[in-house]
Amino acid sequence: MIEHIVLLKFSSETTEVQKQELIRRTLQLKNVIPGIVDIQQGYNFSNRSQGFEIGLTVRFEDKASLENYGPHPEHQAVFSYLKEIGLVDSIIVDFEI
């Protein structure tokens, strides 16, 4: 099994409504992309976040599922939305569990 962790930092112009829409769209990926076992996303509440506001974890069946996730059209649509609403930076970590 693979754990995929993403931390997101946004522009000061990015609205709460846009962030909520991002979370809604992201959580829907479980219903359309094969190989996703679990997906969670939410707002950071820690003061240790270095400006990263939203965290995402996606658990995949295997490495092949992770590899298929990146180029999947539905994932690409969410990524395009991220850029559109003001993504400034991200950190991504993948590891086997």
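Being a predicted model, the structure only gives us computed values, none of them experimental.

Rules behind the numbers
- Residues numbered from 1 in each chain as written.
- Predicted model: local features only at pLDDT ≥ 70, side-chain atom pairs only at ≥ 80, totals over all residues.
- Heavy atoms only, no water.
- Axes fitted to C-alpha atoms, helices over the stretch in contact; angles between N-to-C directions.
- Helix = DSSP H or I, 4+ residues; strand = E, 2+ residues; numbered from the N terminus.
- Parallel < 35°, antiparallel > 145°, perpendicular 65-115°, else oblique.
- Contact = heavy atoms within 4.5 Å.
- Nonpolar A, V, L, I, M, F, W, Y, C, P; charged D, E, K, R; others polar.
- Salt bridge = Lys/Arg side-chain N within 4 Å of Asp/Glu carboxyl O.
- Buried < 20%, exposed > 50% of the residue type's maximum accessible area, 1.4 Å probe, protein only.
- Phe/Tyr/Trp six-rings, centres within 6.5 Å; stacked < 30°, edge-to-face > 60°.
- Lys NZ or Arg CZ within 6 Å of the ring centre and 35° of its normal.

Caption draft 1: Spatial organisation of the packing of helix α1 (residues 16-27) against helix α3 (residues 73-85). Orientation of α1 relative to α3, taken along the N-to-C sense of each, is 170 degrees, at an axis distance of 10 Å. What the angle tells us is that α1 and α3 run roughly antiparallel. On the side of α1, the interface is formed by Q18, E21, L22, R25 and T26, while α3 contributes V78, Y81, L82 and I85. Residue composition of the contact of α1 with α3, grouped by class: 5 nonpolar, 2 polar and 2 charged.

Caption draft 2: Layout of the pattern of salt bridges. Enumeration according to the criterion identifies 6 salt bridges in this entry. Put simply, R59 and E3 hold a salt bridge, and the shortest N to O gap is 2.6 Å. In this pair, R59 is assigned in strand β3 (residues 54-60) and E3 in strand β1 (residues 2-10), connecting sequence segments 56 residues apart. Classification of R59 as partly exposed rests on a relative accessible area of 33%. According to the relative accessible area criterion, E3 is buried, its value standing at 9%. A salt bridge links K19 to E53; the nearest nitrogen and oxygen atoms lie 2.4 Å apart. Within this pair, whereas K19 is found in helix α1, its partner E53 is found in the loop between β2 (36-43) and β3, the two being separated by 34 residues in sequence. By relative accessible area, which is 4% here, K19 ends up buried. Connected through shared salt-bridge partners, E16, K19 and E53 make up one network.

Caption draft 3: Main features of the packing of aromatic side chains. For the structure shown, the criterion picks out 1 aromatic pair. Measuring from ring centre to ring centre gives 4.9 Å for F60 and Y69, while their planes differ by 65 degrees; the resulting arrangement is edge-to-face. Side by side, F60 and Y69 carry an identical accessibility label, which is buried. The positively charged end of K9 is found above the aromatic ring belonging to F52, 4.5 Å away from the centroid. The positively charged end of R25 is found above the aromatic ring belonging to Y81, 3.9 Å away from the centroid.

Caption draft 4: Unusual backbone geometry, seen in detail. Although it is not a glycine, Q50 sits at a positive phi angle of roughly 55 degrees. Mapping Q50 onto the fold places it in the loop between β2 and β3. Q50 gets classed as exposed once you look at its relative accessible area, which sits at 68%.

Caption draft 5: Examining the environment of V6 more closely. For V6, the position within the fold is in strand β1. As a C-alpha pair, V6 and D62 span 56 residues in sequence and 17 Å in three-dimensional space. Apart from the residues lying within four places of it in its own chain, the contact partners of V6 are I54, G55, L56, I91 and I92.

On their own, these measurements won't tell you what the molecule is for.
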